[in-house]
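What follows is each chain in one-letter form.
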Amino acid sequence: KQEVTQIPAALSVPEGENLVLNCSFTDSAIYNLQWFRQDPGKGLTSLLLIQSSQREQTSGRLNASLDKSSGRSTLYIAASQPGDSATYLCAVGFWAGGTSYGKLTFGQGTILTVHP
Amino acid sequence: ETGVTQTPRHLVMGMTNKKSLKCEQHLGHNAMYWYKQSAKKPLELMFVYNFKEQTENNSVPSRFSPECPNSSHLFLHLHTLQPEDSALYLCASSLHGLLDPYEQYFGPGTRLTVT
């Protein structure tokens, strides 16, 4: 059974800092990995998706890397801003055996607070 | 706006009530999902519909009953719920084929409180 762990559970940083969020998974037979952002009481916003054949993806100040063999992904946020405060979720996608659809297994998330 | 809408956004119901949650996607996707997010727990997959056929039921109690009348609409019918069913219920959709990149798009969720 796939298990996804995110470290740290919570992080508080001053504005302007560069930071790294970590995600690890137990089964390397994944299809892709997605990083999401969730604001309090809201739904999920997809930030980056990395296919299993890729090593990293970038979008603005965000960079996500994937190392399938070691079962790890990192989300790097450059020059953090108060508006980045949210919960960041990592989810690994894999084919459900014998079917034509995929499944996502989520970590518990990292709660990020960026203070001015 | 992700192209996935959910109604209602907030719902308070008693344990003897019957209510339904609605999800609609405007993305032309062919797979839809219900997830449950409880406090301090990871998102849990409840149901998956692929081409309107239920392909996954993740050991969900029968007091939750999904319905997918077409590939754009998904419902979750609720009856005789328990207080521990209070949670954020999220709907998602994706486009599937064996070679598709498979990215899930989420709705804003329905905050359910069972009293």
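Calculation criteria
- Residues numbered from 1 in each chain as written.
- Chains lettered and ligands numbered in written order.
- Predicted model: local features only at pLDDT ≥ 70, side-chain atom pairs only at ≥ 80, totals over all residues.
- Heavy atoms only, no water.
- Helix = DSSP H or I, 4+ residues; strand = E, 2+ residues; numbered from the N terminus.
- Buried < 20%, exposed > 50% of the residue type's maximum accessible area, 1.4 Å probe, protein only.
- Contact = heavy atoms within 4.5 Å.
- Pairing = 2+ DSSP bridges.
- Axes fitted to C-alpha atoms, helices over the stretch in contact; angles between N-to-C directions.
- Buried area = accessible area lost by both parts, 1.4 Å probe.
- Polar contact = N/O pair within 3.5 Å; in protein donor to acceptor, adjacent residues only side chain to side chain.
- Disulfide = S-S within 2.5 Å.

Re the overall build of chain A
Along its length, chain A carries zero helices and eleven strands. For chain A, the sequential pattern of α-helices and β-strands runs β-β-β-β-β-β-β-β-β-β-β. Based on the C-alpha atoms only, the size of chain A along its principal axes is roughly 50 × 30 × 20 Å. In chain A, buried positions account for 46% of the 116 residues. For chain A, contacts bridging at least 24 residues in sequence account for 55% of all contacts bridging at least 6.

Things to note about unusual backbone geometry
Omega for the bond connecting A:Ile7 with A:Pro8 falls within 30 degrees of zero, at 0 degrees, which places this linkage in the cis form. Among the secondary structure elements, A:Pro8 is positioned in the loop between strand E1 (4-7) and strand E2 (10-14). A cis amide bond, omega -10 degrees, links B:Thr7 with the succeeding residue B:Pro8. Mapped onto the elements, B:Pro8 comes out in the loop between strand E1 (4-7) and strand E2 (10-13).

Here we look at the sheet that holds E1(B)
Residues and elements named next belong to chain B. Taking strand neighbours across the sheet as the criterion, the four strands line up as E1-E3-E8-E7 in an open arrangement whose pairing is antiparallel. For this open sheet the edge positions go to E1 and strand E7 (64-70), each flanked by a neighbour on one side alone. Each strand axis lies, on average, 20 degrees off the axis of its neighbour in the sheet, ignoring direction. Two strands pair when backbone bridges link them, and E1 and strand E3 (residues 18-25) are joined in this way by four bridges, in the antiparallel orientation. Bridge pairing links Gln 6 to Cys 23 in E3.

Remarks on the interface of chain B and chain A
At the interface, 28 residues of chain B touch 23 residues of chain A. Between chain B and chain A, roughly 2000 Å² of surface is buried when both sides are summed, and carbon and sulfur atoms account for 55% of that area. Applying the counting criterion to the chain B and chain A interface returns four residue pairs in polar contact (both at pLDDT 80 or more). When contributions to the side of chain B that touches chain A are tallied by element, the ones reaching two or more residues are strand E4 (31-37), strand E5 (44-50), strand E6 (53-57) and strand E9 (87-94) of chain B.

Things to note about the state of the cysteines
Throughout this description, disulfide means a covalent bond between two cysteine sulfur atoms. All names here are of chain B. Applying the stated criterion across every chain, the model contains two disulfides over all chains. Paired through a disulfide, Cys 23 and Cys 91 show a sulfur-sulfur distance of 1.9 Å. Negative torsions about the S-S bond denote left-handed disulfides, and the value of about -75 degrees found for Cys 23 with Cys 91 makes this one left-handed. With Cys 23 in strand E3 and Cys 91 in strand E9, this residue pair connects regions lying 68 residues apart in the sequence. Residue classification places Cys 23 among the buried positions, given a relative accessible area of 0%. Cysteine Cys 68 is unpaired, with the sulfur of Cys 91 as its nearest cysteine sulfur at 9.1 Å. For Cys 68, a relative accessible area of 11% corresponds to the buried category.

Side note on the sheet that holds strand E7 (residues 62-67) of chain A
Residue and element names in this part refer to chain A. As summarised here, the arrangement of the five strands in space is E1-E3-E8-E7-E6, forming an open sheet in which the pairing is antiparallel. Edge positions in the sheet fall to E1 and strand E6 (56-59), since each of these pairs with one other strand and no more. The sheet shows a mean angle of 15 degrees between the axes of neighbouring strands, direction not considered. The pairing of E1 with strand E3 (residues 19-25) spans four bridges and is classified as antiparallel. In the strand pairing of E3, Gln 6 is matched with Cys 23.

Description of the environment of B:Lys40
Within the element layout of this structure, B:Lys40 appears in the loop between E4 and E5. For the pair B:Lys40 and B:Gly14, spaced 26 residues apart in sequence, the C-alpha to C-alpha distance is 23 Å.

Focus: the side chain of B:Gln25
Residue and element names in this part refer to chain B. Mapped onto the fold, Gln 25 is located in strand E3. Of the polar contacts made by the side chain of Gln 25, one reaches the backbone nitrogen of Leu 27; its length is 2.9 Å. Among the polar contacts listed, one links the side chain of Gln 25 to the backbone nitrogen of Gly 28, at a separation of 3.2 Å. For Gln 25, the contacting residues outside a window of four places in its chain are Gly 3, Val 4, Met 32, Ser 71, Ser 72 and Ser 93.

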